[in-house]
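Residue-level listing of the chains:
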Amino acid sequence: MFRCGIAYPRCRWIVPLLLLFAIIFDIIAIAATSGWVEDEEGDSHYTSMWEECRGRNNNWDCRSLMDFSWAQAVAALMIIGLIILIIAFIISCVALCCTLNLTLMPLIGAMLIIVVVIQIIALIIYPVKFNEELFEGHYYYTWAYGFGWGATILCIGCAVLFCCLPRYEDELTGLAKTKYLYSSA
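In this text, all values refer to a predicted model and were calculated from it rather than measured experimentally.

**Observations regarding the pairing of strand E4 (residues 59-64)**
Then, number 1: In the sheet, strand E3 (residues 51-56) pairs with E4 via 6 bridges, with the strands oriented antiparallel. What sits directly across from Glu52, in E4, is Arg63.
Then, number 2: Connecting E3 to the next strand, E4, in antiparallel fashion are 2 residues, including Asn57 with a positive phi near 50 degrees.

**Description of the nonpolar core**
Considering soluble globular proteins, one finds that nonpolar side chains tend to be buried as a cluster.
Then, number 1: Counting 47 residues, the largest nonpolar core has Trp36, Leu85, Leu112 and Phe162 as its most contacted members.
Then, number 2: The set of elements that each furnish at least two residues to this core consists of helix H1 (8-31), helix H2 (69-98), helix H3 (105-133) and helix H4 (143-164).
Then, number 3: The dominant element in this core, judged by the number of residues it contributes, is H2, at 13 residues.
Then, number 4: Dropping the residues within four chain positions of it, Leu112 is found in contact with Leu19, Leu85, Ala88, Cys155, Cys158, Ala159 and Phe162.

**Describing the sheet that holds strand E1 (residues 37-39)**
Then, number 1: The strand order E4-E3-E2-E1-E5 describes an open sheet built from 5 strands, whose pairing is antiparallel. Either end of the sheet is taken by a strand with one partner, and the two such strands are E4 and strand E5 (139-141). Averaged over neighbouring strand pairs, the angle between their axes works out to 15 degrees when direction is ignored.
Then, number 2: Here E1 pairs with strand E2 (residues 45-47) via 2 bridges, running antiparallel. Residue pairing for E2: Val37 is matched across the bridge by Thr47.
Then, number 3: With respect to the sheet, H3 is in contact with E1, E2 and E5, its orientation differing from that of E5 by roughly 170 degrees.

**What to know about the state of the cysteines**
Then, number 1: Enumeration over the complete set of coordinates arrives at 1 disulfide.
Then, number 2: What pairs with Cys53 in a disulfide is Cys62, and their sulfur atoms sit 2.0 Å apart. The S-S bond linking Cys53 to Cys62 shows a torsion near 115 degrees; that makes this disulfide right-handed.
Then, number 3: Judged by its relative accessible area of 0%, Cys53 is buried.
Then, number 4: Accessibility expressed as a relative area gives 38% for Cys62, which makes it partly exposed.
Then, number 5: Cys158 supplies the cysteine sulfur nearest to Cys155, a cysteine that is in no disulfide, at a spacing of 6.6 Å.
Then, number 6: Judged by relative accessible area, Cys158 falls into the buried class, the value being 0%.

Rules and cut-offs
Residue numbers restart at each chain and count upward from 1, following the sequence in its written direction. With pLDDT at 70 or above as the cut-off, local features in this predicted model cover only qualifying residues; side-chain atom pairs require 80 or more to be listed or tallied, and sums for whole chains, interfaces and linings still use all residues. Excluding hydrogens and water, the side-chain values take into account all heavy atoms of the structure. Two strands pair if DSSP finds at least two bridges between them. Numbering of helices and strands runs from the N terminus, with a helix taken as a DSSP run of H or I at least four residues long and a strand as a DSSP run of E at least two residues long. Buried Ala, Val, Leu, Ile, Met, Phe, Trp, Tyr and Cys residues form a nonpolar core when they are joined through side-chain atoms within 4.5 Å. The cut-offs for exposure are 20% and 50% of the maximum accessible area for each residue type, with area from a 1.4 Å probe on protein chains only; residues under the lower value are buried, those over the upper are exposed, and the others partly exposed. It only takes one pair of heavy atoms within 4.5 Å for two residues to be counted as in contact. Between N-to-C directions, angles cover 0 to 180 degrees, with each direction set by a line fitted to C-alpha atoms, over the stretch in contact for helices. In what follows, a disulfide is any cysteine sulfur pair within 2.5 Å.

Right, dumping it as structure tokens:
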């Protein structure tokens, strides 16, 4: 795959591990009770994917964002993406860790591309609609929103790997002939 000499048998374990990290990042982004958006000072207004809270000094007035159709769409897209990601992870563990089944690799790559498209749509809808309907000053998109993007970026990288790995079947199985950079001839 890479001319500098990647250890292909390690890819069998690293790529599912990267998918596991993407799942963890997605769960953190979806389950976070704060941390998608905070006001500039971080003490009077914050939102998560699920609710918006305003207030000061532990006196918060929270309301659900699920009253807005765009927030329902964001939540649905993120959850659907997470479910497809979990299915892709399970298939990748079967295809790479248990046995080497290279015919499943393009399927996993396609599933990850679907996850990427779904999550990019959700992660773009959220700030656009937030700025249209809830914006009241200077805000920062914070850690939980970043975990959503982190999961999406991991899925992009894994999709590329799953689409490229079937071309290196001999290297993955260990049947490839060793290539030396130097010959004494």
